[in-house]
Amino acid sequence: MKPNNSKSIQASFRQTIWQSWLSWLLLFAYVWLNLSTYNPIIGGALALLAILLAMNGLAQTQQWFLVDDQHWWKRHPILYHLHKIFDEGEFAGILFALIFWFFMILRGGPIFAQGAEHFVTGPLTLLGIMSAANLAVRNMSALLNWLERRLGLYWAIVIGSCFSSFASLGAAVFIGDYFVTRVSQKNRAAAATGFASSIGSGMGITPFAAPPVLIVWPILVGTLGWNISTLALWVGVGSLLHVLVSTWRLRSLIDKDIPLPTIRHGFPTPLLGLLLIVGANILDAQHLVTWALNLSAGVIAWQAGRDYPSRWQALVLSLLLAGLELVGRETDPFIQAVANYIPVDLPPLLLAWILWYATAFTSHFADNALASRIFIGVAIALGSKLDAQLSDGSRMTDLLAASVVLGAMWGGFALIPANLPNFRLARVFQVTPQEWAQSALKNYYLITIWIHPLWISALLWVPGLL
C-alpha cells in the first residue's frame, strides 16, 4: 500500500478495522460461543453488533489486506466475486442472518421467530409490491408528472412519498427515476437523503408497506390489539408531519431550469397490476392467492428487468427482511436484559422519548426494520409495568410502541443501510456512503428531529388521541 501521507494510512486503517476486521471478529466470537457453552445474552449481543457493522460495509475485500489498488482483485478470480458481493450491505446482512439461523437450528430453537406464516408473508408482500412497482414505473412517472403540473413540485413529492404506503419500496423506484435527471451533481447527495427521508416516513401510514412496521405488525395486532386506524393515527400522522417538513427542504434541490419531462401515459396495465397486488395484500396478506400473486409479480419483474435493480433488488431486499426477522429473534434475550436497566419510575413521556431516540439511533447504523423488531419487545415490557402501576386506565404500552415505530421510521434516512429503500436511492443518485452520511446530518437531521417527539407529546397530552 502506498498512501499519500500518514493521515491516509490512519483513515484507511480505521475503516478496515470498523468495516471489516471487527465485524468478522464478532462473527467468529459468536460461532465460538455456539460451539462451546452458549449464553443467549452474550450471543445476542455479538450477533447484533456483528450484523450492524456488516451492513455498514462488510468489508470490501481490498480492506482485508490494506491495499489501495482499485484493480488488484481482477488478478484473483475468487476474490473478484467476493469483492463484488461484499461491497453490498444487503448481501452482508443476508449472509450473517443465514449463519445465525444455522446455529439457532443447531441449538434446537424454533426455526421461525413469529411462526412460518409471518416469516413468509412479510418478505412476499415486499417482493410482490416492489416488483409490481418496477413494472409500473413508467405509469407512476406519468402520474407524478400530472400531479406536478397541477399541484406543483412540493405537493407532487409529498403525495408521491405517501404513495409509498401503498407501493412499499416501489416508491423509491418511481420517485428516484422521475426526479434524478433534474438534480445537479452537487445536489445529488442532498436529494437522495431527502427522498429517503420523505419516502421512508411516507411508508408509515399503512401496516403492509414499511419494513419497520411490517416486521412488528403481528406483535402489535396480537399483543396490543392494534388495527389499521390505530396505526394511521398514532404513527401515520407523525409520519405525515415528517414528510411535510422534509419535503419543504427537498423541493429547493430540484433544478427549476430543467423543464418538466413529457411522459406519454399509454394504457396503464402495469399500474393496474400494482393496484391488484396492493389490494390483495390489504385484504389478506397471508392468503395463498396473495402469496401466489406476489410470487408471480416477482417472476414477471425478473424476466422484464434489464439491470440489477429491476431484476434482483426486490428479491434481495425481501430475503434481507426475512433475515432481519431471524436476527430479531436471536437478539431478543440481550435486548430484554438491557431493558431491565431502564428505570420504570421515570415520567412516561421521558421514557417514550428515550425509546424513540434509542430506536432511531439504532436505525441509523442498522436497518430500521431490525431496530423496530429489537425495541418493540422493550416497549411492551416497560409499558406493561407502567400500566400495572397506573389506575387511570392509561395505555402507556401503546404510547411506547408508537414511539418505537416512529423512531424506526425517522431514523431510517441517516445512513444507506438504515432503510431498505436507501439502497435503491443511493444507486439511482450515485451517492457514496460517506456522502450520504454527511448530507443527511447537514440537511435533515436537526431540522426534523423535533417532529416526532412533539407528536408523541401530543399523543399523551391531548385527550382522546391515545
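Above this text you will find the structure in question.
What you see is a predicted model, and the numbers here were worked out from it, not measured in a lab. Just so you know, the residues in each chain are numbered from 1, in the order the chain's sequence is written. Only residues with pLDDT of 70 or above have their local features reported here, since the model is predicted, and side-chain atom pairs are shown and tallied only from 80 upward, although totals for entire chains, interfaces and linings are computed over all residues. Hydrogens and water are ignored here; the side-chain numbers use all heavy atoms of the structure.

**Brief notes about the overall build of the chain**
Runs of E in the DSSP output that reach at least two residues are strands. Runs of H or I that reach at least four are helices, and both are numbered from the N terminus. What the chain contains, in helices and strands, is 22 helices and 0 strands. Each residue's exposure class comes from its accessible area (1.4 Å probe, protein chains only) as a fraction of the maximum for that residue type: buried when under 20%, exposed when over 50%, partly exposed otherwise. Looking at the 466 residues of the chain, the share that counts as buried comes to 55%. For the area figures, the Shrake-Rupley method with a 1.4 Å probe applies, and any residue is considered shielded solely by the protein chains shown. Entry remark: accessible area of the chain is about 19,900 Å², with carbon and sulfur atoms responsible for 67%.

**Remarks on the packing of helix H13 (residues 228-250) against helix H21 (residues 433-448)**
Each axis is a line fitted through C-alpha atoms, taken for helices only over the stretch in contact, and angles between the N-to-C directions span 0 to 180 degrees. Orientation of H13 relative to H21, taken along the N-to-C sense of each, is 145°, at an axis distance of 10 Å. H21 is crossed by H13, and the crossing has right-handed handedness. For the pair H13 and H21, contact is made by His242, Val245, Ser246, Arg249 and Leu250 and by Asn443, Tyr444, Ile447 and Thr448, respectively. Along the lines of polarity and charge, the residues of the contact of H13 with H21 split into 4 nonpolar, 4 polar and 1 charged. It is the rotation of the near helix from the far one that decides the hand of a crossing: anticlockwise by less than a right angle makes it left-handed, clockwise makes it right-handed. The criterion used for residue contact is that any of the two residues' heavy atoms lie within 4.5 Å. Residue polarity is assigned by list, with Asp, Glu, Lys and Arg as charged and Ala, Val, Leu, Ile, Met, Phe, Trp, Tyr, Cys and Pro as nonpolar; anything else, Gly included, falls into the polar class.

**Thoughts on helix H10 (residues 188-202)**
An ideal rise of 1.5 Å per residue puts 21 Å on 15 residues; H10 measures up with 21 Å between its terminal C-alpha atoms. Extensive coverage of H10 is indicated by the burial of 15 of its 15 residues. To estimate the expected span of a helix, count its residues, drop one, and scale the result by 1.5 Å.

**As for the nonpolar core**
Among the nonpolar cores identified, the biggest contains 125 residues, and Phe195, Leu220, Trp226, Leu274, Leu370 and Phe429 are the most heavily contacted of them. Phe195 has contacts with Ile157, Ile175, Phe179, Gly200, Leu250, Ile254, Leu425 and Phe429, leaving out every residue within four places of it along the chain. Joining through side-chain atoms within 4.5 Å is the link that ties buried Ala, Val, Leu, Ile, Met, Phe, Trp, Tyr and Cys residues into a set, and such a set is a nonpolar core.

**What to know about the packing of aromatic side chains**
The aromatic pairing rule takes the rings of Phe, Tyr and Trp, using the six-membered ring of Trp, and pairs them if the centres are within 6.5 Å, calling planes under 30 degrees apart stacked, those over 60 edge-to-face and the rest tilted. According to the stated counting rule, one finds 18 aromatic pairs in the structure shown. Between Tyr154 and Trp155, the aromatic rings sit 5.1 Å apart at their centres with planes inclined by 80°, giving edge-to-face as the arrangement. Ring centres of Tyr357 and Phe361 lie 6.0 Å apart, and the angle between their planes is 35°; on these two criteria the pair is classed as tilted. Placement of both Tyr357 and Phe361 in helix H17 (residues 348-365) is noted, with a separation of 4 residues, approximately one turn of the helix. Given the relative accessible area of 33%, Tyr357 is considered partly exposed.

Coordinates in, geometry out; function isn't part of it.
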